Amino acid sequence: MKHIDLPAQKELLWHRLREDLKSLVPWFADSDLLLCPACCRAIKYDEFSIEHIVPKQAVACDPADARQAVSQNERSGLTLLCRKPLIYKGRKVPGHGCNSWKGKHFDPFLKELLRINFRTTTVNTRHQVALYSVGYLALFRKFGYQVALSPAGLLCRRQFFSPNTFLPDVPLNCQIMLTGEPRAEFKEDEKSYWSEPFSIGVEGSTALVVLRNIGFRVPISRDPTQPFSRILPYSPIKFSFRPDLTTVFE
Ligand SMILES: [Zn+2]
């Protein structure tokens, strides 16, 4: 089922994210822009592309019966990332924006993580930062801009551009991972292992993200499952949300 995709995924994601963003930052209603969840630049539709959060190169290695039963997009989980070139310290970064950045700095490590034998292979910080970064994208995919535009979201966005080491502000409990045995074959009653790449639970100031057989934590500023005011200009602190639009890159 590799080539069977839902129609117009990019358009569907674009409109869903636009509605979410407008509900948090109303002045976006007057523009035709969206914020990239990684660099936070406000850009146009054509400068976005579909991002496979669990990279295509990783899910291509899934067992044949899993590939047959569950589409590639489902096994990856989709979101949008920019493909507008990044400018860092006045110089253009080679490639196509955050999409290329993730592809270069994280995807090879994620592919390894889903394949390696943890009993015999040691993971390094780059594996863990890759995991942390896709954990953030998984949170964004599920909860939208309330995650990206929070202080913890800003920390994740800064970490996205520091692929080699953890930033000092990242909590220590977000710098460890727990692993179990990966599933070696597809079974119908375990279909969700393949069809929903991330399961997410909220525990205090972190979200516990499970990517198949790997569990790890990503910081959050508030429980994203709890409601907050999207319309009232004034509301109790508990129900208010102040978007942080700080960009990490030009
Ligand atoms: Zn970007």
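Reading the values: the criteria
- Residues numbered from 1 in each chain as written.
- Predicted model: local features only at pLDDT ≥ 70, side-chain atom pairs only at ≥ 80, totals over all residues.
- Heavy atoms only, no water.
- Pairing = 2+ DSSP bridges.
- Helix = DSSP H or I, 4+ residues; strand = E, 2+ residues; numbered from the N terminus.
- Axes fitted to C-alpha atoms, helices over the stretch in contact; angles between N-to-C directions.
- Contact = heavy atoms within 4.5 Å.
- Core = buried A, V, L, I, M, F, W, Y, C linked by side-chain atoms within 4.5 Å.
- Buried < 20%, exposed > 50% of the residue type's maximum accessible area, 1.4 Å probe, protein only.
- Salt bridge = Lys/Arg side-chain N within 4 Å of Asp/Glu carboxyl O.

Enquirer: Please set out the sheet that holds strand E10 (residues 214-219) residue by residue, giving values where relevant.
Expert: Spatially, 4 strands are ordered E7-E10-E9-E8 in an open sheet, and the strand pairing comes out antiparallel. In this open sheet, the two strands that pair with only one neighbour each are strand E7 (177-179) and strand E8 (198-203). In this sheet, neighbouring strand axes are inclined to one another by 25° on average, regardless of whether the strands run parallel or antiparallel. Two strands pair when backbone bridges link them, and E8 and strand E9 (residues 206-211) are joined in this way by 6 bridges, in the antiparallel orientation. Pairing of Gly201 across the sheet is with Leu208, part of E9. Across the sheet, helix H7 (residues 125-143) is in contact with E7, E8, E9 and E10; its angle to E10 comes to roughly 70°.

Enquirer: An account of the nonpolar core is needed here, citing residue identities and associated values.
Expert: If you look at the biggest cluster of nonpolar residues, it comprises 68 residues, and the most contacted ones within it are Cys36, Cys98 and Tyr145. The biggest single contributor to this core is H7, with 11 residues. Those residues within four positions of Cys98 in sequence are excluded, and the remaining contacts are Cys36, Ala38, Cys39, Leu81, Cys82, Leu86, Phe160 and Phe161.

Enquirer: Any details on the pattern of salt bridges? Residues and values, ideally.
Expert: Taken as a whole, this structure holds 10 salt bridges when the rule is applied. The partner of Asp62 in a salt bridge is Arg75, and the shortest N-O contact between them spans 2.9 Å. Taken together, the residues span a long stretch of sequence, with Asp62 in the loop between helix H2 (56-59) and helix H3 (64-69) and Arg75 in helix H4 (residues 72-76) at a distance of 13 residues. Of the two residues, Asp62 and Arg75, neither departs from the other in class, the shared state being buried. For Arg217, the salt bridge is made with Glu203, and the minimal N-O distance between the two is 2.8 Å. Taken as a pair, Arg217 in strand E10 and Glu203 in strand E8 lie far apart in primary sequence, 14 residues in all. Among the charged side chains, a network of salt bridges with common partners joins Glu51, Lys102 and Asp107.

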